[in-house]
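Architecture and fold: a report
Here are the chains, one letter per residue:
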Amino acid sequence: MSDPVPYLSGLILRERLVVVVGGGHVAQRRVPTLIAAGARVRLVSPVVTPALEGMVDEITLVLREFVESDLDGAWYVVAATDDHDTNERISVAAEARQIFCVRSDDGNRGSAWTPATGKHGTVTVGVVGNREPRKSAALRDDIVTALRDGQLVAGDAHDRSPGLVLVGGGPGDPDLVTVAARHALASADVVVADRLAPRELLEQLPAHVELIDVAKLPRGRSATQEFINDVIVERVRAGKRVVRFKGGDNFVFGRGFEEILACNAADIPVSVIPGLSSAIAVPARVGIPVTHRGVTHEFTVVSGHLPPGHPDGLVEWKALAGMRGTIVLMMAVENAPAIADALVEGGRDADTPVAVIVDGTMPGERTVLATLGTLADRIVAEQVRPPAIIVIGEVVAVARPEHYARG
């Protein structure tokens with residue numbers, strides 16, 4: 001008998017019963033996708049993984065052995081037990097009820113195969129190899145990557161309606177940009193970009209996309225927030241889809257909500273795509289945790305663009321110094337010496353470890369180690385320039401024990 005030839009079809013499973021038999025890792029992979037498709041999932045197995053047990057509010061969990069009547073009313077069945085005879089009973093019962101059945105142990109014994117799927121915008125890609133799941137998955141990944149990077153064009157895969165998409169671009173390395181951020185850039189008519197947004201991605205924009213540079217340079221040229229708000233509103237009112245492309249996350253000292261307020265006032269639709277915050281991602285990239293069991297129970301992210309004592313400052317530096325956890329400073333290179341002095345004056349030990357991570361995740365990344373007492377001198381000696389993330393606390397010693405003497 002020749003090998004079966006699959007007929008690909010997109011199933012609409014919303015509000016339709018799908019039965020999954022088996023509670024192991026195969027079911028753990030299949031069930032979330034079925035939930036996302038809107039299916040009513042009935043899972044039958046005497047034992048399930050902790051992850052599946054945690055989905056009890058989203059599925060019907062039947063903790064017993066399979067019986068044929070479990071398939072009554074189902075539209076689709078997944079036989080995912082580790083017992084061949086049980087899977088055979090499931091597929092026979094499904095065949096008798098004219099229900100398509102996927103077998104995890106022997107694809108040829110079922111009546112359907114599960115494709116390797118991926119999404120790009122509104123497009124779902126499905127690949128079915130002839131009993132070669134690794135080849136199917138590899139090809140699926142290649143197609144989705146090509147769509148994401150613009151090597152393949154998916155027509156109307158993206159929402160291109162006028163409005164603002166506020167995109168957090170992460171700490172700088174383009175590999176740390178989310179898939180959703182890439183989709184947004186691919187949908188843009190206009191990109192309004194920060195200096196700290198991943199710059200390599202701008203080269204991939206099609207020629208028709210207008211790029212507006214709104215860089216804010218330390219002690220240099222700087223686009224005003226009012227200009228940024230105005231240009232966003234103007235372009236959207238002209239029928240354009242505008243992507244506001246920022247470094248880090250939109251709402252962690254990114255002034256993103258100011259742009260949302262401007263759009264709300266102009267009755268302009270806004271969607272938000274979060275990004276990895278540099279306050280957490282940059283230390284993580286160099287192996288410094290912002291929390292660690294038994295060392296710190298909190299971390300505080302602080303803007304250092306104003307020095308302690310500044311009339312416009314909102315930070316209670318004495319209260320911050322009295323805390324025992326990690327402090328992460330952003331935009332603080334210029335004021336770091338004054339901040340260190342304020343923390344020591346407020347009660348923080350001058351020997352508290354400090355890491356200054358310069359150009360985090362970028363090719364020129366480097367880490368300067370110091371203490372609160374030596375931070376000012378180290379910044380001068382190492383010629384530290386923005387952008388940099390400064391981490392203060394014992395977590396630095398945990399990550400770099402060879403540099404700090406701890407008993």
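Details of the structure are given in the entry above.
What counts as what
Residues numbered from 1 in each chain as written. Predicted model: local features only at pLDDT ≥ 70, side-chain atom pairs only at ≥ 80, totals over all residues. Heavy atoms only, no water. 1 Å grid on protein atoms, 1.4 Å probe; cavity = no way out; pocket = protein on both sides within 12 Å on 5 of 7 lines; lining within 4 Å. Points joined across faces, edges and corners; volume = space filled by probe spheres on them. Helix = DSSP H or I, 4+ residues; strand = E, 2+ residues; numbered from the N terminus. Nonpolar A, V, L, I, M, F, W, Y, C, P; charged D, E, K, R; others polar. Core = buried A, V, L, I, M, F, W, Y, C linked by side-chain atoms within 4.5 Å. Buried < 20%, exposed > 50% of the residue type's maximum accessible area, 1.4 Å probe, protein only. Pairing = 2+ DSSP bridges. Axes fitted to C-alpha atoms, helices over the stretch in contact; angles between N-to-C directions. Contact = heavy atoms within 4.5 Å.

**Some words on the layout of surface pockets**
Approximately 1900 Å³ is the volume found for the largest pocket. As for the largest pocket, its lining consists of 49 residues, of which Y76, W113, T114, P115 and T117 are closest to the centre. Looking at the lining of the largest pocket, the elements that each hand over two or more residues are α1 (25-36), β4 (76-79), β5 (100-103), β6 (116-120), β7 (123-127) and α4 (133-148). Tallied by class, residues from the lining of the largest pocket come to 24 nonpolar, 15 polar and 10 charged.

**Structural notes on the nonpolar core**
Core analysis: the biggest nonpolar cluster contains 25 residues, and L329, L343 and V356 have the highest contact counts within it. Listed by contribution, the elements that provide at least two residues to this core are α9 (317-321), β14 (326-330), α10 (336-345), β15 (353-358), β16 (366-371), α11 (375-381) and β17 (388-392). Top contributing element to this core by residue count: α10, with 5 residues. One finds L13, V31, L52 and V78 within the second-largest nonpolar core, a separate group that totals 18 residues.

**Details of the sheet that holds strand β13 (residues 299-303)**
The 5 strands lie next to each other as β13-β14-β17-β15-β16, forming an open sheet whose pairing is mixed. With one partner strand each, in any of the chains shown, β13 and β16 form the two edges of the open sheet. Between one strand axis and the next, the sheet turns by 20 degrees as a mean value, whatever way the strands run. Pairing of β15 with β16 involves 6 bridges; the strand directions are antiparallel. Residue V354 lies in a different strand from β16, and its bridge partner there is A370. Packing against the sheet, helix α8 (residues 278-285) makes contact with β13, β14, β15 and β17, and its axis sits at approximately 80 degrees to β17.

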